[in-house]
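This is what each chain is made of:
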Amino acid sequence: MKNLKKIDLFNFNLEIGKVRPYIPLYYETFGQPIGSAPVVLVNHALTGNSTITGENGWWNDLIGENKTINTNDFTVIAFNIPGNGYDNVFGNLISDYKDFTIRDVARIFWEGVFHLHIQELFTVIGGSLGGAIAWEMAAQYPAKIQNLIPIATDWKATDWVIANVLIQDQILINSDDPIADARLHAMLLYRTPQSINQRFQRKQQNVFEVENWLTNHGSKLKNRFRLSSYKLMNHLLKTNDITKNRKDFVTVASQIQANIHIVSVDTDYFFIAEENRETYQNLKKIKENVFYHEIQSIHGHDAFLIESNQLATFLSPIFKTQNTQKYVNA
């Protein structure tokens, strides 16, 4: 069951200069009550939502009682990106999706954090789109995050990402079955030829099994996701750039006080590992508390959701070092 809570934001100034009269920000909390434990903020990916653990939790392998992000030790919060449709309120969907940027979403999330009277985050973690939002959150308030963990993502939209966002947008605008058809293309970005070939091995029963698999993925997403939500989430990927109207990356990143743990996937064809390695090398010149971890997997971008054991190995030391002493008598 969803246990959504809501924060009402009024007269929000978007980056493009427009004012949004009202934005409902839905979220869920897990683990310890706010104010009694360090706070971990989890940012969801493109088709994700705030149900990160428990029944229907999409990151149950990582988050929960006695798991890597232990809900016995932490307050875990997940916001829904406004317009993702998870609240099932048709009027909250966003049709003018190109008005919004990742910078807006990061500011909306910070508004939510401050509304909850939280002044510091132990960790901001997210994969893919969620990780890009995490980067931007750190750029906006560089002293308020202890650990920044962007996974299978980047601090910028590369030309490759921008190009694929355009293809997705064109499918979503022009297809007779837009969500399903866009998902077919997206799944082949999120996996690798090796992963697909190994899994299906050209097997067929009337049709090739790989075709069935892709068709089912398209149908499932169509049944649980709104077209306007998909358009918005896809568009946001293109707007990712923590240096826009700021200084160069090294200058912006040098202000971030958090321990930065970059996690990439060696076979990621969307946010390629080479870009993350370059980011790490540039950061290492200016920061001591920056770390690089690489998931080894045949599965590509989606490995951050599949290779939970590797991810847990990287993350466990971070979440075992928290200082909960100041919360004992809170």
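Cut-offs used in this document
- Residues numbered from 1 in each chain as written.
- Predicted model: local features only at pLDDT ≥ 70, side-chain atom pairs only at ≥ 80, totals over all residues.
- Heavy atoms only, no water.
- Buried < 20%, exposed > 50% of the residue type's maximum accessible area, 1.4 Å probe, protein only.
- Helix = DSSP H or I, 4+ residues; strand = E, 2+ residues; numbered from the N terminus.
- Pairing = 2+ DSSP bridges.
- Right-handed = clockwise from strand over helix to strand, strands pointing away.
- Contact = heavy atoms within 4.5 Å.
- Salt bridge = Lys/Arg side-chain N within 4 Å of Asp/Glu carboxyl O.
- Axes fitted to C-alpha atoms, helices over the stretch in contact; angles between N-to-C directions.
- Parallel < 35°, antiparallel > 145°, perpendicular 65-115°, else oblique.
- Left-handed = near helix turned anticlockwise from the far one by under 90°.
- Nonpolar A, V, L, I, M, F, W, Y, C, P; charged D, E, K, R; others polar.

Trainee: What am I meant to see in the pairing of strand E11 (residues 259-265) here?
Mentor: The side chains of a regular strand alternate, residue by residue, between the two faces of the sheet. Of all 7 residues making up E11, 6 are buried, and the element is well covered by its neighbours. Strand direction decides the pairing type here: strand E8 (residues 145-151) and E11, joined by 3 bridges, are parallel. Looking at the pairing, Asn147 lines up with Asn259 of E11. Bridge analysis of E11 against strand E12 (residues 290-295) gives 6 bridges, and the strand direction is parallel. Following the sheet pairing, Val263 is matched in E12 by His293. Read from E11 through helix H9 (residues 273-284) to E12, the crossover connection turns out right-handed.

Trainee: How should I be thinking about the environment of Ala152 in this particular structure?
Mentor: As for its position among the elements, Ala152 is in the loop between E8 and helix H3 (159-174). Among residues more than four places away in sequence, those in contact with Ala152 are Ser128, Val263, Val265, Asp268, Phe271, His301 and Phe304.

Trainee: It is not clear to me how the pattern of salt bridges should be interpreted in this structure. Could you clarify?
Mentor: Two side chains of opposite charge can pair, provided their charged atoms sit close to one another. Inspection of the entire model under this criterion finds 13 salt bridges. Between Arg20 and Asp96 there is a salt bridge whose closest N-O contact spans 3.0 Å. With Arg20 in strand E2 (residues 19-31) and Asp96 in the loop between strand E6 (75-79) and helix H1 (102-115), this pair connects stretches of sequence that are 76 residues apart. For Asp96, a relative accessible area of 31% translates into the label partly exposed. The residue Asp177 makes a salt bridge to Lys222 at a minimum N-O spacing of 3.3 Å.

Trainee: Whenever I open this one, the sheet that holds strand E3 (residues 39-43) confuses me. Can you help?
Mentor: Hydrogen bonding along the main chain pairs the strands of a sheet, whether they run parallel or antiparallel. An order of E1-E2-E6-E3-E7-E8-E11-E12 is seen for the 8 strands of this open sheet, with the pairing classed as mixed. A strand with exactly one partner marks an edge of an open sheet, and here the two such strands are strand E1 (5-13) and E12. Taking each pair of neighbouring strands and ignoring which way they run, the sheet shows an average axis angle of 20 degrees. Across 3 bridges, E3 lies against E6 in parallel orientation.

Trainee: Where do I start with the packing of H3 against helix H4 (residues 178-190) in this structure?
Mentor: Packed helices, taken two at a time, are described by their axes: the angle between them and the distance between them. Taken N-terminus to C-terminus, the directions of H3 and H4 make an angle of 155 degrees; their axes are 8 Å apart at the nearest point. When the axes of H3 and H4 are compared, the pair comes out roughly antiparallel. Crossing handedness for the pair H3 and H4: right-handed. Together, Trp160, Asn164, Ile167, Gln168, Ile171 and Leu172 of H3 and Pro178, Ile179, Asp181, Ala182, His185, Ala186 and Leu189 of H4 make up the contact between the two elements.

Trainee: Explain the packing of H4 against helix H6 (residues 209-224) to me, please; I cannot follow it from the model alone.
Mentor: Remark: H4 packs on H6, axes separated minimally by 8 Å, with the N-to-C direction vectors making an angle of 125 degrees. One finds that H4 runs oblique with respect to H6. Both H4 and H6 take part in a crossing whose hand is right-handed. Listed contacts from H6 to Ile179, Ala180, Arg183, Leu184, Met187 and Leu188 of H4 are Trp213, Leu214, Thr215, His217, Gly218, Leu221 and Lys222. In terms of residue class, the contact of H4 with H6 is built from 8 nonpolar, 3 polar and 2 charged.

The values are spatial; any link to function lies outside them.
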